[in-house]
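Architecture at a glance
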Amino acid sequence: QVRLVESGGGLVQAGGSLRLSCAASGRTFSNYGMAWFRQAPGKDREFVAGISRSGLSTSYGDSVKGRFTISRDNAKNTVYLQMNSLTPEDTVVYYCAAREGIVSATRRYDYWGQGTQVTVNS
């Protein structure tokens, strides 16, 4: 079992930045590809970013490319999402997820965090 706990959400002005963190526990963190998703009420879950087990490979959803950066620190069992140039459209709950194997937008993820709210004021 892998436990994921997100933090770092909050309120920010448009154009500002936030860094989300997701701390993992329970299993060997470096065995898992990690991803961030987000979901607004009544909408489908959206893939935001993914990172391979080693951290050498990353991928991003179209809506965040060039603004968000995913990274991980396997020594700290933590994955991060640096979010820059935030807009009100980024106002949603963000979730981190883990899976063994390749990370992508369409793969099934085995473990999920509880989510952290990000609110961007215009």
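Placed above this text is the structure.
Now for a look at the structure at hand. (Residues numbered from 1 in each chain as written. Predicted model: local features only at pLDDT ≥ 70, side-chain atom pairs only at ≥ 80, totals over all residues. Heavy atoms only, no water.)

1. Looking at the pairing of strand 8 (residues 78–83)
Convention followed: Here's how the labels work: a residue is buried when its accessible area is under 20% of the maximum for its type, exposed when over 50%, partly exposed in between, all with a 1.4 Å probe on protein chains only. Strands here mean DSSP runs of E at least two residues long; helices mean DSSP runs of H or I at least four residues long; both are numbered from the N terminus. Each pair of strands is called paired provided DSSP finds at least two bridges between the two strands.
Burial analysis of strand 8 places 5 of its 6 residues in the buried class, the great majority of the element. When strand 7 (residues 68–73) meets strand 8, the two strands line up antiparallel, connected through 6 bridges. Looking at strand 8, one finds that F68 is bridged to M83. Between strand 7 and strand 8, which pair antiparallel one after the other, the connecting turn spans 4 residues, and N77 there sits at a positive phi close to 55°.

2. What to know about the side chain of R99
So the rule is basically this: N or O atoms within 3.5 Å of each other form a polar contact, as long as, within protein, one can give a hydrogen and the other can take it, and as long as residues adjacent in sequence are counted only when both atoms are side-chain atoms. In what follows, residue pairs with any heavy atoms lying within 4.5 Å of each other are defined as contacts.
Along the polypeptide, R99 turns up in strand 9 (residues 92–100). Reaching out from R99, the side chain makes a polar contact with the backbone oxygen of R108 at a distance of 2.7 Å. R99 has contacts with N31, Y32, G33, R107, R108, Y109 and D110, leaving out every residue within four places of it along the chain.

3. Details of the pattern of salt bridges
Proximity of charged atoms lets side chains of opposite charge pair with each other. Note the following rule: Salt bridges are defined by distance alone: a side-chain nitrogen of Lys or Arg within 4 Å of a carboxyl oxygen of Asp or Glu.
According to the stated counting rule, one finds 5 salt bridges in the structure shown. Between D90 and R38 there is a salt bridge, with the nearest N and O atoms lying 2.9 Å from each other. Placement of D90 in the loop between strand 8 and strand 9 and of R38 in strand 4 (residues 32–39) is noted, with a sequence separation of 52 residues between them. Two residues, R67 and D90, come together in a salt bridge whose shortest N-O distance is 2.8 Å. Taken together, the residues span a long stretch of sequence, with R67 in the loop between strand 6 (58–60) and strand 7 and D90 in the loop between strand 8 and strand 9 at a distance of 23 residues. Across this residue pair, the class does not change: R67 and D90 are buried.

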